[in-house]
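# Secondary and tertiary structure notes
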Amino acid sequence: QVQLVESGGGLVQPGGSLRLSCAAARSIFSHYTMAWYRQAPGKQRELVARITTGGNTDYADSVKGRCTISRDNAKNTVYLQMNSLKPDDTAVYYCNAAYVWGQGTQVTVSS
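Residues numbered from 1 in each chain as written. Predicted model: local features only at pLDDT ≥ 70, side-chain atom pairs only at ≥ 80, totals over all residues. Heavy atoms only, no water.

### Notes on the state of the cysteines
In total, this model carries one disulfide according to the counting rule given. With its sulfur 2.1 Å from that of its partner, Cys22 forms a disulfide with Cys95. Sign of the S-S torsion, about -85° for the bond between Cys22 and Cys95, identifies this disulfide as left-handed. Of this pair, Cys22 sits in strand β3 (residues 18–24) while Cys95 sits in strand β9 (residues 91–97), and the two are 73 residues apart along the sequence. Owing to a relative accessible area of 0%, Cys22 belongs among the buried residues under this scheme. Its relative accessible area of 0% is what places Cys95 among the buried residues. Between Cys67, a free cysteine, and Cys95, which holds the nearest cysteine sulfur, the sulfur-to-sulfur gap is 14 Å. (Disulfide = S-S within 2.5 Å. Helix = DSSP H or I, 4+ residues; strand = E, 2+ residues; numbered from the N terminus. Buried < 20%, exposed > 50% of the residue type's maximum accessible area, 1.4 Å probe, protein only.)

This is the structure in structure tokens:
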């Protein structure tokens, strides 16, 4: 049973934008804080942003001012809008809720 499905990754030039989406099973979405993590090659997985069921948000210092996390309760979907992308943002991005992880979506920032 697939519970979190990410989409929206791809190749973008430095300074560009991407919007990641994560469609969640309703049983998860309505009860848990939703989060985006990322893992670059050779590095540990790190938190990028999270949003509570009440809409409170939290961001890693490295993305503050450049990324916005949001949730659409009608669609059971969480989004990560990423602007002013840098090569250091290159990673596999994972959607998370409690103990559940998505399959990941690759984001590559390169000219």
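And the narrative resumes.
### Digging into the pairing of strand β11 (residues 105–109)
Only one face of β11 is covered, namely the face carrying Thr105, Val107 and Val109; the face carrying Gln106 and Thr108 is uncovered. As paired elements, strand β2 (residues 10–12) and β11 share three bridges and run parallel to each other. Counted as the bridge partner of Val12 is Val109 from β11. With three bridges joining them, β9 and β11 adopt antiparallel strand pairing. The residue bridging Tyr93 from the neighbouring strand is Thr105, located in β11. (Pairing = 2+ DSSP bridges.)

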